[in-house]
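One letter stands for each residue in the lines below.
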Amino acid sequence: SGEEPIPVIAHNVTGVLEEDVYLSCEYQGSAQINKAEWKRRISSSKFKRLAGFSNGELFSRGDFSKPDSPTNLTVRMKVSSVEAEGEYICEFQEEEENPFGSVFVTVIVRPDIRIEVNSETINDTHYQLVSCSAAGGRPTPQISWLVGDRPPSDFPFTVNESKTLHSNGTSTLISTLRFPTHLQDEESVICVVKHETLPNPKSTTANVETYARPNVMIKAEMVQQGGHDSWVVSCISSGGRPDTEISLALNGNNEVERESSANSDMKSLSVRLPVIEYEGHNITCVFKHPKFLYAESRRITLLTFYLSGVQFRSEVGSNSNEFLELQEGDSNIVISLEVTGNVPRYSIICKKDDGPLPQDMELVGRNLTIRGLVKQHYAGLYECDCSYHHLKATLQFNVTVRAQPPQLVSPTIKVNSQSEGGFRKIECTAVGAVPAASVSWILQEGVFEDFWSNSTFYNGSYSVLFLPVCSPQELTALCVINHPAYKEPENRSITLPLCARPNITISLSSEWKYGHKYSKVNCSVVSVASPAAITWNARNKTDNISYSTETEVQAESLVSTWSSVCFLSSLYAELPRLSVSVVRQQDSPLWLAVCNCKGEGVGTNLAWDLPANARGETSLHTEYEGHITNTKLTYQFPLVLHEGQDLTCVYQSHDGITKKKTVHIPMYYISSVQVLNKTRALQNRYVDQSVVYRVSVNENQRNQKVLLRVEGNVPEYSLDCRRSDGSVVQLDGAAMILQSDPSGQNKGLYTCLASFYHHRASVNIQVEDLREEEEFMLVIMICISSASAIFIVFIVILCVCCKTKKKQHKERESISALTSLMQEPGSPEVRKPLADMGDSKEYAQLTSFSIVFDAKSTV
């Protein structure tokens, strides 16, 4: 342009100490560069050369890299010291001018952040001081604090800051957060430092000491040592931090020994107190802790002991509050002494008639026990004294012994069972009894009536019962023995064994004769006493079956019976397995119906029962695996021939039995192909033709998709899309892909065809490219058109309102004409006035215009 060339240079550069910055300077003129350099001003007339182009070579010094070219003096500079801050000049030397520019480099220094925690105690209050220092920063950083994710409040926190300036232009800022430990519950505090060298504020966490409120309690338990009982009262503090200060107060003047213990979680103070001296006394524990606003106390009152009385209880004999009657000859006599009171323990001393207890009678714990049988010398007055220190209680009771009745001898009972002559003989004896025992039988009612034997006899101590050797059901006989020595009758039960169930064995064998299979079934039954009756029948068959039966008597009352029958297997065999399916063939427009028949000894009597319009091909294929025949009958047909119909496969056996299987051919359809993008339908209202859908796409966007959906019930379909010139369009599933084309080749008419065999449906799509300028102009046109329409409607309404002042018949005439205009749009040439009709008046006719706005828009 003839103007003086000026270098393009960045005028403000900020660098971080020990990091790199880039100084950019580029010459945009067309003259030949003889020399170019970066230099720093030392004084008003003195400069220091740093990097550039001289004598045909690029050079650099110190912390500078070589530039890219003589006209592009972009260099990398390492900021090695704070003194690197200052003005740097970029100068180019050409034939006529020396254009230059300058840039000022500002040096900032990243601070070193450290944090430490100290503590101090003033007037018994523990304080913590958290110091956060940002050393050697330039410019001076900012320090803030977070406690529990929030800035610390004025109480109980205080923040002090101190700042130190250094000779190299850097500074150190120290912020100290101070707080009393017992008023702060967070386990850590966060120092947040903000500085220009940090992309985000840096947070440093310091763990601080916290106090925890302890759980305090008092408890008392009784212990025994050296034969003496003592109370151990403990004041306990657990879970507190720091340790709780514990003191214990007694409502007395005696000094007692105190014992302290502590571990990581619990601290306690205990005293040992004599039981008798301190019964009923109050003891108080006092707890002091920084978390307590005031000292907390716990109080306990020690028990006052008493003994109110002693009672006795015996499981044998009759007893009351003061008397106990025993039976001579009784054994295992235990008299329990029950003390009423709350003493922890007591001692008991018992005597009889002011003397020692009888021999074989001793006091064990709280029980008077008689070892052996009760005799007459155990009768007398017993006295038991119960004591605990100064507390005492006394029990007196009389024991009487009732003489033993006459001697009874209980019987010896035996039950024996043995088999005799096909019967089971059961004996029940009761011998050696004084007096003689009575023996009888109790039988299940209505069960033994058929087996009862009149040979049963009874002589008072011996009874016999005859029963069968075994029974088909479980039967029980009960022998009852009555004797005065028994409080209740003695019972002995005998269970009659069950007869063994018949052992039934069935075997099957088969053989082929003259191409037919015959089956032979053998049935063998081993039973007890009587032979089994064997008969044969065939399921779902009314024919009589001939068979033979034989019987043989074996040892131990066993009888063996066997029978056999032989028949043609096909008479009772199940029909062969028949299955029908329809498959679509690959690489063929025809469908295939397959009928499989598999069975033993079956023939090939397979046929298709097809509709009247059938004209496909059938084929039969048979395979043999031993006596198993596998027959396949196929039918090949076009889908359109049998769509919605049933195909039936029929099997006919040699015996005239028929089995059928049917498969249904679905009725498929494709109703339409839908365009899922936003579209506008175009169709000639006077000509019967298919609808064309208009789709607008951006001309500069790559791989735009026109989404399609096929409506119908077909399991799958093929989709083909082509342009109006017949070229194929790329598809992605059910989406048409439009490549980016600035030349506008995407525009035009597309036809997409979906097909499944003979079912087809298509859609026509008009693709239009829409630019951003067109979108903007369409919005403006829509807005202007809308405003014009509103204005015209307003004028029409105003005219109608003015006509209301005319006569009634004119009003009706105008309204009628206006109504016809609203319903019958037309041009002025069509809407001509009506001719005079005789003497009728001339009617004025109002002409109407239709204004149609048609605009494309993607808004």
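Our subject is the structure listed above.
Predicted model, so just to flag it, every value in this text is computed and none were measured.

Peer 1: Before we move on, can you summarise the environment of C597 with the specific residues and values?
Peer 2: Residue placement: C597 occurs in strand β45 (residues 590-600). Considered as a pair, C597 and R577 are 20 residues apart in the sequence and their alpha carbons are 5.7 Å apart.

Peer 1: Please set out the packing of aromatic side chains residue by residue, giving values where relevant.
Peer 2: Counted by the stated rule, this structure contains 13 aromatic pairs. Judged by centre distance (6.2 Å) and plane angle (50°), the rings of W591 and Y668 are tilted. Placement of W591 in strand β45 and of Y668 in the loop between β50 (658-664) and β51 (670-675) is noted, with a sequence separation of 77 residues between them. Taking the relative accessible area as the measure of exposure, W591 reaches 5% and is therefore buried. Accessibility expressed as a relative area gives 12% for Y668, which makes it buried. Members of the aromatic cluster, connected to one another through ring pairs, are W591, Y668, F756 and Y757. Over the ring of F47 we find K39, and its NZ or CZ is 4.6 Å from the ring centre.

Peer 1: Describe the side chain of D229, and please don't skip the residues or the numbers.
Peer 2: As for its position among the elements, D229 is in strand β19 (residues 228-238). Reaching out from D229, the side chain makes a polar contact with the side chain of R345 at a distance of 3.0 Å. Dropping the residues within four chain positions of it, D229 is found in contact with M222, V223, Q224, P274, V275, P344, R345 and Y388.

Peer 1: An account of the pattern of salt bridges is requested, with residue identities and associated values reported.
Peer 2: Scanning all chains against the criterion turns up 24 salt bridges. Between K39 and E91 there is a salt bridge; the shortest N-O distance is 2.7 Å. Highlighted residues: K39 in strand β5 (residues 35-41) and E91 in strand β9 (residues 86-93), separated in sequence by 52 residues. By relative accessible area, which is 12% here, K39 ends up buried. When the shortest N-O distance is used, the salt bridge between R178 and E120 registers 3.0 Å.

Peer 1: Go over the pairing of strand β27 (residues 323-327) with me, naming the residues and quoting the values.
Peer 2: One ladder, built from 2 bridges, connects strand β26 (residues 318-319) with β27; its direction is antiparallel. Residue N319 lies in a different strand from β27, and its bridge partner there is L324. Count of turn residues in the β26/β27 antiparallel hairpin: 3 residues. Here β27 pairs with strand β33 (residues 391-402) via 5 bridges, running parallel. Bridge pairing in β33 links E325 to T400.

Peer 1: How would you summarise the sheet that holds strand β43 (residues 558-568) if you had to cite specific residues and measurements?
Peer 2: Spatially, the 4 strands line up as an open sheet ordered β40-β41-β43-β42, and their pairing is antiparallel. Because the sheet does not close on itself, it has two edges, and the strands there are β40 (503-513) and β42 (548-553). Within the sheet, the average angular offset between the axes of one strand and its neighbour, ignoring direction, is 15°. Here 6 bridges tie β42 to β43, and the two strands are oriented antiparallel to one another. When the bridges of β43 are listed, S548 appears paired with S564.

Peer 1: Account for the nonpolar core, naming residues and giving values.
Peer 2: Residues V233, L248, L273, L307 and L337 are the most contacted members of the largest nonpolar core, which totals 47 residues. At 6 residues, β33 tops the list of elements feeding residues into this core. Leaving out residues up to four positions away in the same chain, L248 has contacts with V233, C235, R258, L269, V271, I283, T284 and C285. Counting residues in hydrophobic clusters, the runner-up holds 40 residues, among them C595, V673, V697 and V729.

Peer 1: How would you sum up the sheet that holds strand β21 (residues 258-262)? Please name residues and give values.
Peer 2: Within a beta sheet, neighbouring strands are joined by backbone hydrogen bonds and run either parallel or antiparallel to one another. Strands sit in the order β18-β19-β22-β21 across an open sheet of 4 strands; the sheet is antiparallel. Every interior strand has two partners, whereas the edge strands, β18 (215-225) and β21, have only one. On average, each strand axis in the sheet is tilted by 20° relative to the strand beside it, whichever way the strands run. Inspection of the sheet shows β21 paired to strand β22 (residues 266-274) by 5 bridges, in the antiparallel sense. Looking across to β22, one finds that S261 is bridged to S268.

Peer 1: Break down the state of the cysteines for me, with residues and values.
Peer 2: Within the structure shown, the criterion is met by 7 disulfides. With a sulfur-sulfur separation of 2.0 Å, C25 is cross-linked through a disulfide to C90. One disulfide, between C25 and C90, carries an S-S torsion of -80° and so falls in the left-handed class. With a gap of 65 residues between them, C25 in strand β4 (residues 25-26) and C90 in strand β9 connect regions that are remote in the sequence. A residue is classified by how much of its surface remains accessible, and C25, at 1% relative accessible area, is buried. Judged by relative accessible area, which is 0%, C90 ranks as buried. Each disulfide pairs two cysteine sulfurs, and for C350 the partner residue is C384, the sulfurs being separated by 2.1 Å.

What counts and how
- Residues numbered from 1 in each chain as written.
- Predicted model: local features only at pLDDT ≥ 70, side-chain atom pairs only at ≥ 80, totals over all residues.
- Heavy atoms only, no water.
- Helix = DSSP H or I, 4+ residues; strand = E, 2+ residues; numbered from the N terminus.
- Phe/Tyr/Trp six-rings, centres within 6.5 Å; stacked < 30°, edge-to-face > 60°.
- Buried < 20%, exposed > 50% of the residue type's maximum accessible area, 1.4 Å probe, protein only.
- Lys NZ or Arg CZ within 6 Å of the ring centre and 35° of its normal.
- Polar contact = N/O pair within 3.5 Å; in protein donor to acceptor, adjacent residues only side chain to side chain.
- Contact = heavy atoms within 4.5 Å.
- Salt bridge = Lys/Arg side-chain N within 4 Å of Asp/Glu carboxyl O.
- Pairing = 2+ DSSP bridges.
- Axes fitted to C-alpha atoms, helices over the stretch in contact; angles between N-to-C directions.
- Core = buried A, V, L, I, M, F, W, Y, C linked by side-chain atoms within 4.5 Å.
- Disulfide = S-S within 2.5 Å.

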